[in-house]
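So the chains spell out like this:
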Amino acid sequence: MLKNIISVFFVLLLTISYAKADSVDDWLAGLKSKFSGTELVFAMTSHPGSDGIQALVPEFTEKTGIKITFDIMGEGQLIDKTLLECQSEDLKWDVIMIAAETSPQMLHDNCTIPLNDYLKDQTLAPSEPFGMDDYVPAYLSLFKMEDQIVALPFAGETVFLTYRKDLFDAQGLSAPKTWDEFLSHAKKLKTDDVAAVVMRIGRGWEFTYMWSIFIYPFGGDMIDLEANKAQIDNAGNAASLEYLRKLLPYGPVGFENYHWDTSMTAIMEGKAAMSIEASALAGEYENPDKSRTAGKLAYAPLPAGPAGAYSGVWGWGLGVKKTSKNHEAAIAAIAYFTSKAKHQEYVNAGGPVSRTHVLANPDNQAKHPYYQATLDTLEQAAALYAKGKSAVPKTSKWFQISDVMGVYGSEAFVSERTIADALSEMNEQVQKILDD
Amino acid sequence: MTNLQKIKNFKRGFAPFFAKREYLFYIGPAFVVTFILMFLPLFQIIVGSMHKWEFGKPLFESDFIGLKNYIELNYGYVSFGKSLMKTAIYGFGSLGIELCLGLLIAILLSNMRRTKGLFSAIFIIPIVIMPAMVGLTWKMYLSYDGLVNWVLSLFYIPKVNWMGTDLALVSLILVDVWQWTPFFILILFAGLQTIPKDPVDAIRVDGANDLQTFLYVKLPLLTPLIIIVCILRIIEIIRNFDVVFAIYQGGPGSSTETLPIAVWRMFMSQRQVGMGSAFSLILILLSFFIAFIFINFLKKTRVTH
């Protein structure tokens, strides 16, 4: 009896896996008949997500005949070039890697096309292997503007706490539950060789990225989108900036000029005890070929401030350039690369997880110690979203606003200005941008 | 009018004009190319600076706002005054050190007999490195555990935070001095080689020592060259973007927000092409103004000679 049950189980398993493989192959065969010989150019930045996508390309090209070339550049360069030249037909890109912060602008400036109607076409994105409902909802919502899908998420990220287990154990510490506790941990963990805390805090958008994590837990706010009003000059924001200033002595020397890459390097080289950084970097931390601290790190959701515990979501998506002559082939390609069927393979190649079934898989959770913290932090981001707030307000002017906040905020952080002066100036300038 | 008459009229009208001014045929093409490449963009910058011109919007569709962009230069969130001050400190700080150091090393080099060629070859290396590469390399050197602090530690000097607000501008001067002092050395060394022997011999016969020979003969003869090198460098420093951006991106705070960084932020982050054009135009005028002062000084020194 047991033998029969086991046999039936295996037959079923084989049938399911065959059917799955078959449906992906059918999808690719359909694309081959339609688009074979098409050449697509993907504009991307150096990122673990780009590595993951590139790992999927050989099979895709072999089975569809669609050739893909990558134009890889620095993050700032990609964003600048995209915003500057996106409407130009001379820029021969078909697919653009779009930062969540710039996606409202992409649509507003007519740089990319809405994907909704194309994604209904079963030859381009068949429901099952593609799996629209399987994206982490918060990541997909980053690229949805008034129900129009600007891009498909493939490298979603949230911000969580990373800490060194060995250093915490030596001090008898556990993951901090509040920001006050975090500060008190920082005081204990700082040594001449190891900084207590690292995070991206250099001026500009990176400062705003990090500050937005602290704004809401301290009762602050940024913009009232409905009233089109800047709400930056408030006590909560002042408290959050004051708190960041308190962290400054416990960061590494030169902390005020730290960016995401320096922050990541500090953790990987074992020069920092705690990090508040993007979840997308955790795969690099845990790569023993690259990181000295692989296996020594633990992850936790963000501590709570006086007004609660909140995080945010950011990330990258793949959108299709409006001036591309290959809209359908490009959409089919990005649907494939971000599909449910290929996501595990993409994650295995180093791509940051963006789909629910991979994140919730117990095997994956055991293999990737940061998956649980990612899920917990996504709940913190959902709690913020439930309040009608977000770390990345959906306005086409966010890129300008975040730069203003990031410059004045950085000036206040390094005490070039008083916090009150910085917030007042920031409010005035942001309101100007909103009114324009 | 018959064709013959037309030709005769042309001969009477334009032909004699061009016959007397043959040079116009030779400089004409170069003038047209220069006009298209230089003056048209400059004209666009001037017109753009008087419009509320934003990215994605054609200039002719933007609102004319007169001199508003210039009036608001100092009151927007990118302050022209502060940026100008930082550019001046960076520019004149670098120039002063490079000139003194360059002149000193050029004199030492001119007194060497054998290894001049070797040193000249070594000195050219920093000049030919890409500015962005210089920035990225020095970002590592200036880190707390980097090369600069290691060198300081050899002299028992405590480590310094070069990436902090206090020393960020000093670090930029240091990088510029490293990269561009060799330029002064090479040019001034070449200049020293061309100084005629007669006046030097004459002042020696009169009993002048080395210092007096340098101050009263060599330095005055070298002054035109020094001015030309200074003009080239100051214009280059005023528009230096790559190195500053690669190391500091204008931060921490706004401690390294020089004029080119401010212009970049106006264009790229704020998408205010009109305001960015106003910044750019002032930057161009500033370069002209400084070059004008130096050139005037150059003329005076020639008259004196």
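Everything below is about the structure printed above this text.
Residues numbered from 1 in each chain as written. Chains lettered and ligands numbered in written order. Predicted model: local features only at pLDDT ≥ 70, side-chain atom pairs only at ≥ 80, totals over all residues.

Peer 1: Go over the overall build of chain A, please, and point to the residues and values.
Peer 2: Within chain A, the secondary structure is distributed over 20 helices and 12 strands. The principal-axis extents of the C-alpha atoms in chain A amount to approximately 65 × 60 × 35 Å. Out of the 436 residues belonging to chain A, those deemed buried represent 51%. Look at the contacts in chain A between residues 6 or more apart in sequence, and 77% of them connect residues 24 or more apart. (Helix = DSSP H or I, 4+ residues; strand = E, 2+ residues; numbered from the N terminus. Buried ≥ 20, exposed ≤ 12 C-beta atoms within 10 Å, placed from the backbone. Contact = placed C-beta atoms within 7 Å.)

Peer 1: An account of helix α18 (residues 371–386) of chain A is requested, with residue identities and associated values reported.
Peer 2: Along an α-helix, residues three or four apart share an orientation, since each turn contains 3.6 residues. Residues and elements named next belong to chain A. Taking 1.5 Å of rise per residue, the 16 residues of α18 would be expected to cover 22 Å, and the 22 Å separating its terminal C-alpha atoms lies within 8% of that figure. For α18, the complete set of buried residues consists of Y371, A373, T374, T377, L378, Q380, A381 and L384. Around the axis of α18, the buried residues are gathered within 165° of arc, so they sit on the same side. Contacts from the buried residues of α18 go to α7 (137–142), β6 (152–164), β11 (297–300), β12 (313–320), α16 (356–360) and α17 (362–367). In the segment just after α18, G388 is the residue with positive phi, at about 80°. (Expected span 1.5 Å × (residues − 1). Arc of directions from axis to C-beta.)

Peer 1: Account for unusual backbone geometry, with residues named and values stated.
Peer 2: B:G251 connects to B:P252 through a cis peptide bond whose omega is -5°. Mapped onto the elements of the fold, B:P252 is located in the loop between α11 (242–247) and α12 (259–269). A positive phi angle is found at A:D147, which is not glycine, with a value near 70°. Mapped onto the secondary structure, A:D147 falls in the loop between β4 (144–145) and β5 (148–149). Judged by C-beta crowding, with 7 C-beta atoms within 10 Å, A:D147 ranks as exposed.

Peer 1: A description of the environment of B:Y77 should follow, citing residues and the corresponding values.
Peer 2: Looking at the element boundaries, B:Y77 is found in the loop between α3 (68–71) and α4 (80–111). For B:Y77, a count of 21 C-beta atoms within 10 Å corresponds to the buried category. Setting aside its immediate chain neighbours within four residues, B:Y77 contacts A:V404, A:V407 and A:Q429.

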